[in-house]
Amino acid sequence: MKQTCRRVYYCTKFCCNTNLRSGMLRFWKGIAPVGSFLLVVACSPLQSLPQFSLLTGNRCINCHVNVQGGGLRNDLGWYAMESVGILQYEDIGLGALRPVFSTNTFAGDRLTVGIDFRLQSSRSLRDTSSERRLFPMQGAFYAAYRPFDWMQLEGTYNLGRRVYAYAGQQSWSGSVAVQPSLDYPQLRVGFFQPSIGYRFDDHTMLIRRIPAGSQDYLFAPNWAEWGAELNYYRFEWLTATLGVSSLSSLAGATLTDATGAERPLLREPSKPAILGRLLLSPRLFRERLTLNIGSSTLQQGDFSLWNVFGGIGYADVASVIFETMQQTTPGVRTIKATSAELMLHPAEPIYVYVRGEYGETLANGVSMRQEQYLIGAQIFVLPFVELRPEYRIIDLPLYRLNRWTVQLHVFY
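Residues numbered from 1 in each chain as written. Predicted model: local features only at pLDDT ≥ 70, side-chain atom pairs only at ≥ 80, totals over all residues. Heavy atoms only, no water.

Trainee: I'm lost on a nonpolar patch on the surface in this one. Help?
Mentor: A contiguous nonpolar patch, built from Ile 312, Val 320, Leu 342, Leu 344, Val 352, Val 354, Ile 375, Tyr 391 and Trp 404 and spanning about 720 Å² of accessible area, is present on the exposed surface. Secondary structure elements with two or more residues in the nonpolar patch: β16 (333-347) and β17 (350-363). Note on placement: Ile 375 falls in strand β18 (residues 366-382). Ile 375 gets classed as partly exposed once you look at its relative accessible area, which sits at 49%. (Patch = residues over 30% accessible without salt bridge, like charges linked within 9 Å, V, L, I, M, F, W, Y side chains within 5 Å. Areas by Shrake-Rupley, 256 points an atom, 1.4 Å probe, with all protein chains shown as cover. Salt bridge = Lys/Arg side-chain N within 4 Å of Asp/Glu carboxyl O. Helix = DSSP H or I, 4+ residues; strand = E, 2+ residues; numbered from the N terminus. Buried < 20%, exposed > 50% of the residue type's maximum accessible area, 1.4 Å probe, protein only.)

Listed below in structure tokens is the structure:
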């Protein structure tokens, strides 16, 4: 993994610092089959887990097809993980599968595909006497196509979504991105998740929920909205986003006012929201140390959201990451939450982490608090196959819960 991470960083650094794309193509064709894809997408908007970004020195845009991260991995993101595992397929007599996982791009490297499948064993947080269950959490399919070097179409469909389970939760997303060259901003238009904060893959985090035991979401998993964003990432140390978003998917969300009556979270859900996001990510000490500091905002009527986030990572060893958010509906409700996590990388296919979170909901003069603590690991048993055991403590004023879960994550 250490060699892979460095390989990924230096190749993307080279790509993002030269306009000689034809020369780049010839260079990569000489050493690896991923070269032709790097020509058109290695510098387009992408993601990895923000913790991995700090550990490797890569921005999210170096390995995924979304400027903030999440979802489809580009060819470089696939290449970074294709040999990461405690075991290889040849070790268990499945070497014949290796050609199947030889690439995730087709049609002359213009079509990219991917999947994320998650199966979890856990007990409900709502019922202390519930039995352990095994259930699917995600079954997502991704695809992106470049009809031209300056245009990309991408889409996602998730089989795991329950119908109208939470306000804003969607089963699909899709967008069109246009960018003449890396020197210009990218224009992305479609139905996708607005760019706020970091893009984590853990839906239990308080920075996206309404703290104090309700288990309700402020922003549900797979939240998506109609909108448009301009993304600029010409320099390695800078990612900037400015956009508009409809927020109409949150039309069903409600809160309780001072009279005890329910009111919509958004008084005018069809009114567009304004969003902005800025992330600075310099590398120091011969590029062994990566820093992140950023902020984002989402504003619509009397709905106001601010996020501040950042971290520090020492290459291939450890990272510390945090995010804090505040969502305010003046005179009705204020939500504050902070999450901080330490991740260690003791061996190539193993990551261990501990996380602490604090959240508070102040509604109509009443304060409700919640704390969460988690210890877990990401264990890549085979390339593209991950086990994620976690032990979680949820501390509320009236009671405390503790649960352990195990998640199987198969991705491509």
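Trainee: Would you take a moment to explain the nonpolar core for this structure?
Mentor: As a rule of thumb, soluble globular proteins bury nonpolar side chains together. Ranked by size, the top nonpolar core spans 29 residues in total, and within it Phe 219 and Leu 298 carry the most contacts. Leave out the neighbours within four places in its chain, and Phe 219 touches Ile 196, Arg 208, Leu 250, Leu 298, Phe 303 and Leu 305. Met 81, Val 84, Phe 384 and Phe 411 belong to the second-largest nonpolar core, a separate cluster that totals 20 residues. (Core = buried A, V, L, I, M, F, W, Y, C linked by side-chain atoms within 4.5 Å. Contact = heavy atoms within 4.5 Å.)

Trainee: Can you help me understand the side chain of Asn 58 in this one?
Mentor: You can see Asn 58 is positioned in the loop between α4 (50-56) and α5 (75-81). On the basis of relative accessibility, which here comes to 3%, the residue Asn 58 falls in the buried class. Separated by 2.9 Å, the side chains of Asn 58 and Asn 62 make a polar contact. (Polar contact = N/O pair within 3.5 Å; in protein donor to acceptor, adjacent residues only side chain to side chain.)

Trainee: Explain the pairing of β16 here, please?
Mentor: In this structure, strand β15 (residues 318-329) lies alongside β16, joined through 12 bridges in antiparallel fashion. In the sheet register, Glu 323 faces β16, and the bridge partner there is Ser 339. Adjacent in sequence and paired antiparallel, β15 and β16 are bridged by three residues, among which Gly 331 carries a positive phi angle near 80 degrees. Bridging between β16 and β17 involves 13 bridges; their strand directions are antiparallel. In the strand pairing of β17, Arg 333 is matched with Ala 363. Connecting the antiparallel pair β16 and β17 is a turn made up of two residues. (Pairing = 2+ DSSP bridges.)

Trainee: Help me out: how do you make sense of the packing of aromatic side chains in this one?
Mentor: Geometry of an aromatic ring pair is reported as the spacing of the ring centres plus the angle between the planes. Using the criterion set out here, one finds 16 aromatic pairs in the structure. Note on Phe 52 and Tyr 351: the rings are 4.7 Å apart at their centroids and 35 degrees apart in plane angle, and the pair reads as tilted. Taken together, the residues span a long stretch of sequence, with Phe 52 in helix α4 and Tyr 351 in strand β17 at a distance of 299 residues. Among the residues examined, Phe 52 registers a relative accessible area of 12% and is labelled buried. Judged by relative accessible area, Tyr 351 falls into the buried class, the value being 2%. For the pair Trp 78 and Phe 384, a centre-to-centre distance of 6.0 Å together with 20 degrees between the ring planes defines the contact as stacked. Of this pair, Trp 78 sits in helix α5 while Phe 384 is found in the loop between β18 and β19 (385-395), placing the two residues 306 residues apart along the sequence. Grouping residues by exposure puts Trp 78 and Phe 384 together as buried. (Phe/Tyr/Trp six-rings, centres within 6.5 Å; stacked < 30°, edge-to-face > 60°.)

Trainee: Honestly, the pattern of salt bridges in this entry has me stumped. Any pointers?
Mentor: Here the idea is simple: oppositely charged side chains can pair when their charged atoms come close. Summed over the entire model, instances satisfying the criterion amount to 17 salt bridges. In this structure, the salt-bridge partner of Arg 355 is Glu 357, at a minimum N-O distance of 3.4 Å. Comparing Arg 355 with Glu 357, the two get one shared label, buried. With its nearest N and O atoms 3.3 Å apart, the salt bridge here joins Arg 392 to Glu 390. As far as the burial class goes, Arg 392 and Glu 390 line up, both buried. Each member of the salt-bridge network shares a partner with another, and the members are Asp 202, Glu 341, Arg 355, Glu 357, Glu 390 and Arg 392.

Trainee: Help me understand the pairing of strand β11 (residues 273-280) in this model?
Mentor: Residues in a regular strand point their side chains to alternate faces of the sheet. Bridge analysis of strand β8 (residues 238-245) against β11 gives eight bridges, and the strand direction is antiparallel. Paired with Leu 238 across the strands is Leu 280, a residue of β11. One ladder, built from seven bridges, connects β11 with strand β13 (residues 289-300); its direction is antiparallel. Its bridge partner lying in β13, Leu 275 is registered against Leu 298.

Trainee: Help me out: how do you make sense of unusual backbone geometry in this one?
Mentor: The backbone phi angle of Leu 247 is positive, close to 65 degrees, even though this residue is not glycine. What makes Leu 247 buried here is its relative accessible area of 0%. A positive phi is found at Asp 316, a non-glycine position, where the angle reads about 65 degrees. Counting through the fold element by element, Asp 316 comes out in the loop between β14 (303-314) and β15. Residue classification places Asp 316 among the buried residues on the basis of a relative accessible area of 4%.

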